[in-house]
Amino acid sequence: MSVIVLHNPRCRKSREAVHYLEEKSVAFETRLYLEDKLEVEALQVILEQLQMSAFDLVCKTEQVYKDQVKGKDLGEDALIKLMVDHPKLIERPIIIKGDKAVVGRPKELIDTIL
């Protein structure tokens, strides 16, 4: 079963996760989700795999969070749309294997789906 990493090479935690998988000799493919943006339906599936709400997957350190999310009462669909439109809002890295996924923070959480 293949492993997919939703990866942002500029993010230290994302780079750590990729390095962690390489150290464990796990074959994986990366998806640079800032360039190869997710569709709404794909993000909904990932949220189901993560067993998380959209709000829990929002990266709260990004400026777009502070500008467009913080202090607002946005529903699930609105948050998903914002994450699709502004993929920096998506917490990273996300590691997917089969029907399971995990946010690799800390990187040891990756072991829960390998």
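Please refer to the structure placed before this passage.
Fair warning: this is a prediction, and the values are worked out from it, not measured in the lab.

### Considering helix H2 (residues 40–50)
Moving on, step 1. The set of residues buried in H2 consists of Leu43, Ile46, Leu47, Gln49 and Leu50. All buried residues of H2 project into a common sector of 160° when viewed along the axis, lining one side. Pointing more than 90 degrees away from the buried face of H2 are the exposed residues Glu41 and Glu48.
Moving on, step 2. Of the surrounding elements, those touching the buried residues of H2 are strand S1 (3–6), helix H3 (54–57), helix H5 (76–85), strand S3 (94–97) and strand S4 (100–103).
Moving on, step 3. At the exit of H2 stands Gln51, carrying a positive phi of roughly 55°.

### Some details on unusual backbone geometry
Moving on, step 1. Pro93 follows Arg92 through a cis peptide bond whose omega is -5°.
Moving on, step 2. Here Arg105 and Pro106 are connected by a cis peptide whose omega angle stands at -5°.
Moving on, step 3. If you trace the backbone, Pro106 turns up in the segment after S4.
Moving on, step 4. Phi is positive for Ser25, which is not a glycine, with a value near 55°.
Moving on, step 5. Structurally, Ser25 is set in the loop between helix H1 (12–23) and strand S2 (29–31).
Moving on, step 6. Owing to a relative accessible area of 66%, Ser25 belongs among the exposed residues under this scheme.

Reading the values: the criteria
- Residues numbered from 1 in each chain as written.
- Predicted model: local features only at pLDDT ≥ 70, side-chain atom pairs only at ≥ 80, totals over all residues.
- Heavy atoms only, no water.
- Buried < 20%, exposed > 50% of the residue type's maximum accessible area, 1.4 Å probe, protein only.
- Helix = DSSP H or I, 4+ residues; strand = E, 2+ residues; numbered from the N terminus.
- Arc of directions from axis to C-beta.
- Contact = heavy atoms within 4.5 Å.

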